[in-house]
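# An overview of the molecular structure
Below, each chain spelled out in residue letters.
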Amino acid sequence: MAEQDRRRRMEETKKQWEEGSLKKVLNRFPERNKVFVTGSNTEVNRLYDPFDLIDFDYIDELNFPGEYPYTRGVQPTMYRGRLWTMRQYAGFGDAEESNKRYQYLLKNGQTGLSIAFDLPTQIGYDSDHSMSHGEVGKVGVAIDSLEDMETLFNNIPLDKVSTSMTINAPAAVLLAMYIAIAEKQGISSSELNGTIQNDILKEYIARGTYIFPPVPSMRLITDIFDYCSKELPKWNTISISGYHIREAGATAIQEIAFTLANGIAYVDAAAKKGLDIDTFAPRLSFFFNAHNDLFEEVAKFRAARRIWAKIMKERFDAKDPKSMMLRFHTQTAGCTLTAQQPDNNVVRVAIQALAAVLGGTQSLHTNSRDEALSLPSQKSVRIALRTQQIIAYESGVAETIDPMAGSYYLESMTKKIEQGAMDYINKIDQLGGSPKAIEKGFIQREIQNSAYQYQKDIEEKKRIVVGVNQFQSEEEPMKDLLKVNPEIEKRQTEKLNKMKKKRNEAKVQKELKLLRKTALSKQNIMPSILNCVKCYATLGEICDELRSVFGEYRESLKI
Amino acid sequence: MKNSIIRVLVAKPGLDGHDRGAKVVARALRDAGMEVIYTGLRQTPEQIVETAIQEDVNVIGLSILSGAHMHLFPKLMKLLKEREAIDIIVMAGGIIPGEDIVELKKIGIKEIFTPGTDTNRIIEFIKENVKVVR
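Here goes a summary of the coordinates provided. (Residues numbered from 1 in each chain as written. Chains lettered and ligands numbered in written order. Predicted model: local features only at pLDDT ≥ 70, side-chain atom pairs only at ≥ 80, totals over all residues. Heavy atoms only, no water.)

### Describing the sheet that holds strand β9 (residues 284-290) of chain A
Residues and elements named next belong to chain A. For clarity, the threshold we go by: A pair of strands is considered paired only if DSSP assigns at least 2 bridges between the two. For the purposes of this entry, the term helix denotes a DSSP run of H or I that reaches at least four residues, the term strand denotes a run of E that reaches at least two, and both are numbered from the N terminus.
Taken together, 5 strands build an open sheet; the order of strands is β3-β11-β10-β9-β8 and the sheet is parallel. The sheet is open, and its two edges are formed by β3 (85-86) and β8 (238-241), each paired on a single side. Sheet analysis places β8 next to β9, joined by 4 bridges and oriented parallel. Bridge assignment links S239 to a residue of β9, and that residue is S285.

### Digging into the packing of helix α16 (residues 408-430) of chain A against helix α18 (residues 442-459) of chain A
Residue and element names in this part refer to chain A. We count it as follows: Note on geometry: axes are C-alpha line fits, over the in-contact stretch for helices, and angles between N-to-C directions span 0 to 180 degrees. Any two residues whose heavy atoms approach within 4.5 Å at even a single point are treated as in contact. Residues are grouped as follows: nonpolar covers Ala, Val, Leu, Ile, Met, Phe, Trp, Tyr, Cys and Pro; charged covers Asp, Glu, Lys and Arg; every other residue, Gly included, is treated as polar.
Close contact between α16 and α18 brings their axes to 11 Å; oriented N to C, the two are set at 145 degrees. Residues Y424, K427 and I428 of α16 lie in contact with α18, whose contacting residues are F442, I443 and E446. Along the lines of polarity and charge, the residues of the contact of α16 with α18 split into 4 nonpolar, no polar and 2 charged.

### Description of empty space enclosed by the protein
In this approach a probe as big as a water molecule rolls over the atoms, and the regions it shows empty are the leftover space. Formally: Note on definitions: the grid is 1 Å and covers protein atoms alone; a cavity is a set of points where a 1.4 Å probe fits but cannot get out; a pocket is an open set with protein on both sides within 12 Å along at least five of seven lines; lining residues have an atom within 4 Å of a point. Grid points are joined across faces, edges and corners, and a volume is the space filled by probe spheres set on the points.
Inspection of every chain in the model, using the stated rule, returns 6 cavities of 30 Å³ or more. Its boundaries defined by the atoms lining it, the largest cavity holds a volume of some 130 Å³. Lining the largest cavity are 13 residues, and of these A248, I447 and Q448 of chain A together with R20 and K23 of chain B lie nearest its centre. Put simply, the parts of the chain that give the lining of the largest cavity at least two residues each are α7 (201-207) and α18 of chain A together with α1 (20-31) of chain B. Here the lining of the largest cavity takes 5 residues from α18 of chain A, the largest share from any one element. Residue classes in the lining of the largest cavity are distributed as 7 nonpolar, 2 polar and 4 charged.

### Description of the packing of aromatic side chains
All names here are of chain A. For clarity, the threshold we go by: Classification of ring pairs uses Phe, Tyr and Trp, with its six-membered ring standing for Trp, and accepts pairs whose centres are within 6.5 Å; under 30 degrees between planes counts as stacked, over 60 as edge-to-face, and the remaining range as tilted. Think of it in three bands: with a 1.4 Å probe and only protein chains considered, a residue is buried below 20% of the maximum accessible area for its type, exposed above 50%, and partly exposed in between. We count a charge as sitting over a ring when the NZ of a lysine or the CZ of an arginine lies within 6 Å of the ring centre and within 35 degrees of the ring normal.
On inspection of all chains with the given rule, the structure shows 21 aromatic pairs over all chains. For the ring pair F288 and F328, a centre distance of 5.7 Å and an interplane angle of 65 degrees mean the geometry is edge-to-face. Linking F288 in strand β9 with F328 in strand β10 (residues 328-332), this pair joins segments that are 40 residues apart in sequence. There is no split in this pair, since F288 and F328 are both buried. Members of the aromatic cluster, each reached through a chain of ring pairs, are F286, F288, F301, W308 and F328. One residue, K313, lies across the ring of Y68, its end atom 4.3 Å from the ring centre.

The structure is reproduced here in structure tokens:
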């Protein structure tokens, strides 16, 4: 009875407000826009109130932290127990230089490493390949063989750190190298902690470092799932990434929809291979972007957790709660950084990092202010890390769990994003799953349309970007930009040649032949790759052998 | 004799996979009435020059965000000279530091558009610089 009375009173009061003071003000001062939208063009109402959450069921939709559907977070104490991992993506030049940087970071209290590889490594070319010219050591560290990997992790005890490697098409090779150096350090593979990105579907969609066609690529991935479930139980076998999808222009809804659709494809592929869902699913992890629209982004992270939990439970019949928990890394949005007035980017990164933390991220990379101009300088990297520390230690947002929960706006937006993403996931199911939707160009087209719309909105000033299409000012060019040593390529090639003269060539050729045989068979490919890297077969040689069996992917182009 | 419609090759040299900018620019130029050919990823300077000549384009637009521009762009300009195709206007965009822009303009790259550029500016630039027989 009291409930009904309260409701009636609320309805009456709202009506009075709408027809009274609101109307009066609107008549005298029209609002700034006819329609208000989020950063991703989702419509936003003037006001959210209890009427938006009339059917809201706390237990079904949120529940308590660490409980299904994990909307409020995957752990019962969240950041009160342990803060998120501050994991800055780094790596440049050769293995020696990068090793120095990692040792410095570890000495300063960082516990997680995040390895950036150069593009030749990511695409399976050695440093002396003709396609590698000009790219060696540029966007990350160059790795040609186990020898470089030994240098990279020199004096870094692999049982004490967790290592995240941004490597996809040749992920199996880099993982094998990591296992091999652990062995040399006397550490069992079962103790290894870390992540490989290993997400090929988003490479076809958005990031571009593919090598092989989809079918053999999916086989490599599920071979890794299988191998790691037995040999590396603590390893995150994949980081299913929306980050690059968003960078390519997707909206917040598209980011999680396409990422989770890819997740479904990996689970399907592993299930088809006969793997038990609860043996591999707890090791799946995710990687998202954080943009400027604070509430929309927080809602996005919460919606992603809720959707994935439901998919794993209802669609795949997972039993282990860990299989249903969406754990994720976040990086702030590179594409929002402006080349104009670059210091303003510090503020953008702070808002984005705040969104990630309010959204319950497990780890976070904050971008540097100068990244629209070049690779970040040391000073800019430090400001980016300090931004995370200020949020962690000064803002107070980490002291209670999911502090924005219950906000009429946030919960409405979380629901809206969930619905929008589910519509896309259903559409992709109808197309036959995400690999088919990629083949048909559906996902790429949706992203391109969003990217183009965004650009037009800026040019028509429907969307303001401070310093770019409004509030411009004359400025001095930024100084102290990072330069990668141009000698790296020569040095790396010389090292490679020297190494090739030292190794047992007959053994290398024998192992490569065996790898070929395994690739042609249905056997798990990991042990073969491990044997190849141990006798110092190079990354390029291993990938070439696989190229000759699997073929190479070519994108079909439509603008 | 050239066609009356401006033809542009939008190209991604090197191993860089960031193609958002290239695709947005390609579409904007097409919407502005130009004929646009997009190469896709991982093009060598040789491939780009070959395509540009084969397709008889007026303009090459290079997009790169990997930092390999100081290696790839001079190579491409040299090849254009060798093939006697320096009448093709070359422009570029991406993450290119200011001091490199100065160097690249010296070797004949006509304009470099950094992040945040309005596509209308690129369209105007092309229209001003391409002399098409009408």
